[in-house]
Amino acid sequence: MKKLIHISLICLLMILLPSLSKGEKPATTKLQDSLSLPQAYQLALQNNLDIQAAKAKIGEAKADILLAKMIPNPSFNSDLGFIAEQTYRIGGLQQTFEAPGKRHFRIEVAKDQYQSAEDNFELTLHNVLVKVHQAYINWIITLTQQNLQEENEQVLRSLVNIAQKRFKNGDVAQLDVLQSKMLLEQAQNDTEQAKMNTKQAKILLKQLLNTQNFSAPPSQQGLSLKTVHLAPLSQLEQEALTNRDELHINQVGLQSEKDKIKLYHRSILPDLTIGAGYSLAFNAPVWDNGFYVNGSFNIPIFDHQQGNIAKSKATYQRLLSERAAWEQQIKTEVQTSYQNVLSQQAQWQRYQKTILPMARQVEQLSQKSYQMGQTGITDVLTTHQNTLNIRKQTKQKLANYQLALTNLETALNILFNNKGKP
């Protein structure tokens, strides 16, 4: 399972990024630097606004713990009254004492909320990094498609030159020149479309990284990927049920409601307020003086925290139902993403090992036959277009395979799980 935990990251590094030379230290990401996937992760951890907002919520929850720990300040009171009363409370202190255990359970509830904020941060962190991974793959693939279109232009331009030479020599009709030029014009349009797709993919990546300027990795050729051997499906399902942040958040919610119920039961006991001070009273013909003590507390006749307790119990039952629904959904996500990985892997391997080599061989033979005058321009243009489409499909199958692996990681919640906190 350790291989599976970072399988998509490792595979993408193998297929998209050049190897560092021995002894070379990786440079920090700067403007206009070549962007690798690990650098994209780092930029997201540092700059992504959703991650920053989720992290700020942890600070709020930590402050709530401090508020829960607070003990009411004592108060000073004085009642000098009017001369006619001739009784004066010169000064005294008053303090409220909470029922035993109330402060403890209030702190426990605040700690539960803090844990929930941390789990929500982990969930946000994971979701953002998954989006970065997917956006990075899409960006690389659009760059690859753009390169293919530019190569296609070069091939068609060479075919136009060949057709023009043969037309001048009287070997072919002008139709060959016109057909090749027409396809060249179409290829230029396709190149413009590919460039726009690349720009749009980069804009999405910029948003996630909250960074404006970066360049593509220097090498976009020779994409390849080794076969990934997945663990058994039942093992992956259990892994997902253990790792998913949604279940962790649900569990913290259940514990929070338990602690709230304890707090509400303890809150039935009233707080006690005690005051003490020095008083002075005129009792003709002398003044009496001395210390006084008084106290007060609420009598829980009408309110026994019934509403709060009933609400927490209902919330607890709702969370139990949601947990069962989450477990079912998680298993479904793992099963569907698992089958998708196997399907996309088989399709990509078929294109990579069989379809693409055959298409390239047919294109080479077709171009050679045309140069020797054995076939017409229509055949060579058709085979070239077929090969170009197959090359595009091969790259797309590779992208689909990578995205399928990412979706499986998302279902398992193992991409940067409990790692990479900014």
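Before any of the text, the structure's been laid out above.
Trainee: A description of the packing of helix α3 (residues 37-47) against helix α4 (residues 49-69) should follow, citing residues and the corresponding values.
Mentor: The axes of two packed helices give the description: the angle between them and the distance between them. Contact pair α3 / α4: the axes reach a minimum separation of 6 Å and the direction vectors enclose 45°. Our classification of the angle between α3 and α4 gives oblique. In this structure, α3 uses Ala44, Leu45, Gln46 and Asn47 to contact α4, whose residues at the interface are Leu49, Ile51 and Gln52.

Trainee: Residue-level account of the packing of helix α5 (residues 102-168) against helix α6 (residues 174-209), with values.
Mentor: Taken N-terminus to C-terminus, the directions of α5 and α6 make an angle of 165°; their axes are 8 Å apart at the nearest point. Overall, the two elements α5 and α6 adopt an arrangement that is roughly antiparallel. Crossing of α5 against α6: the hand is left-handed. Grouping the constituent residues of the contact of α5 with α6 by class yields 19 nonpolar, 13 polar and 9 charged.

Trainee: Provide a residue-level description of the pattern of salt bridges, including the pertinent values.
Mentor: In total, this model carries 9 salt bridges according to the counting rule given. The partner of glutamate 333 in a salt bridge is arginine 244, with the nearest N and O atoms 2.9 Å apart. Residue glutamate 333 is found in helix α9 (residues 306-371), and its partner arginine 244 is found in the loop between α7 (233-243) and α8 (245-267); the two are separated by 89 residues along the sequence. According to the relative accessible area criterion, glutamate 333 is partly exposed, its value standing at 24%. On the accessibility criterion, arginine 244 (4% relative accessible area) is buried.

Trainee: Lay out a nonpolar patch on the surface in plain terms, naming residues and giving numbers.
Mentor: A surface patch of nonpolar side chains, about 890 Å² in accessible area, is lined by Phe97, Leu272, Ile274, Val293, Phe297, Ile299, Ile301 and Phe302. Where the nonpolar patch is concerned, the elements lending two or more residues are β3 (272-283) and β4 (286-297).

Trainee: Describe in detail the pairing of β3, supporting the description with residues and values.
Mentor: The pairing of strand β2 (residues 87-97) with β3 spans 10 bridges and is antiparallel. The residue of β3 that forms the bridge with glycine 92 is glycine 277. By the bridge criterion, 12 bridges tie β3 to β4 in an arrangement that is antiparallel. In the sheet register, asparagine 283 faces β4, and the bridge partner there is valine 286.

Trainee: Kindly report on the side chain of threonine 211, identifying the contributing residues and their values.
Mentor: Locating threonine 211 in the fold gives a position in the loop between α6 and α7. Reaching out from threonine 211, the side chain makes a polar contact with the backbone oxygen of leucine 209 at a distance of 3.0 Å.

Trainee: So what about the nonpolar core? Which residues, and what values?
Mentor: In this structure, Leu35, Val132, Tyr136, Trp139, Leu205 and Leu209 are the most contacted members of the largest nonpolar core, which totals 32 residues. For this core, the secondary-structure elements that each account for two or more residues are α3, α4, α5 and α6. The greatest single-element share of this core, amounting to 14 residues, is contributed by α5. One finds Ala231, Val334, Tyr338 and Ile414 within the second-largest nonpolar core, a separate group that totals 18 residues.

Trainee: Quick rundown of the packing of aromatic side chains? Include the residues and the values.
Mentor: In total, this model carries 4 aromatic pairs according to the counting rule given. Here the aromatic rings of tyrosine 136 and tryptophan 139 are separated by 5.8 Å at their centres, their planes lie at 70°, and the arrangement is edge-to-face. Residue tyrosine 136 and its partner tryptophan 139 are both found in helix α5; the two are separated by 3 residues, about one turn of the helix. Take tyrosine 136: its relative accessible area is 0%, and that puts it in the buried class.

Trainee: Got a sec to walk through the sheet that holds β2? Specific residues and values, please.
Mentor: As summarised here, the arrangement of the 4 strands in space is β1-β2-β3-β4, forming an open sheet in which the pairing is antiparallel. What marks the edges here is a single partner per strand, and that holds for β1 (75-79) and β4. Geometrically, the sheet is characterised by an average inter-axis angle of 15° between neighbouring strands, direction not taken into account.

Here is what the cut-offs are and how they apply
Sequence positions are assigned chain by chain, starting from 1 and proceeding in written order. Residues qualify for local features only when their pLDDT is at least 70, as the model is predicted, and side-chain atom pairs are given and counted only at 80 or more; totals for whole chains, interfaces and linings, by contrast, use all residues. To get the side-chain values, take all heavy atoms of the structure and skip hydrogens and water. As a rule, the C-alpha atoms of each element are fitted with a line to give its axis, helices using only the stretch in contact, and angles between N-to-C directions run from 0 to 180 degrees. Where helices and strands are cited, they refer to DSSP runs of H or I of at least four residues and of E of at least two residues respectively, numbered from the N terminus. Angles are sorted into four bins: roughly parallel if under 35 degrees, roughly antiparallel if over 145, roughly perpendicular if 65 to 115, and oblique for all others. Contacts are assigned to residue pairs with any non-hydrogen atoms lying within 4.5 Å of each other. Each crossing gets its hand from how the near helix is turned against the far one by less than a right angle, where anticlockwise is left-handed and clockwise is right-handed. Residues are sorted three ways: Asp, Glu, Lys and Arg are charged, Ala, Val, Leu, Ile, Met, Phe, Trp, Tyr, Cys and Pro are nonpolar, and all the rest, Gly among them, are polar. By convention in these notes, a salt bridge is any Lys or Arg side-chain nitrogen within 4 Å of a carboxyl oxygen on Asp or Glu. The cut-offs for exposure are 20% and 50% of the maximum accessible area for each residue type, with area from a 1.4 Å probe on protein chains only; residues under the lower value are buried, those over the upper are exposed, and the others partly exposed. Here, patches come from residues exposed beyond 30% relative accessible area and free of salt bridges, joined within 9 Å for like charges and within 5 Å for nonpolar side chains (Val, Leu, Ile, Met, Phe, Trp, Tyr). Working definition of accessibility: Shrake-Rupley area with a 1.4 Å probe, residue cover restricted to the visible protein chains. The rule for pairing is simple: two strands pair if DSSP sees at least two bridges between them. Any N or O atom pair separated by 3.5 Å or less is treated as a polar contact, with the protein-specific requirement of one donor-capable and one acceptor-capable atom, and with residues adjacent in sequence counted only for side-chain atom pairs. Residues belong to one nonpolar core when they are buried, are Ala, Val, Leu, Ile, Met, Phe, Trp, Tyr or Cys, and are joined through side-chain atoms within 4.5 Å. Geometry of aromatic contacts follows a simple scheme: Phe, Tyr and Trp rings, the Trp one being its six-membered ring, pair when their centres are within 6.5 Å, and the pair is stacked under 30 degrees between planes, edge-to-face over 60, tilted otherwise.

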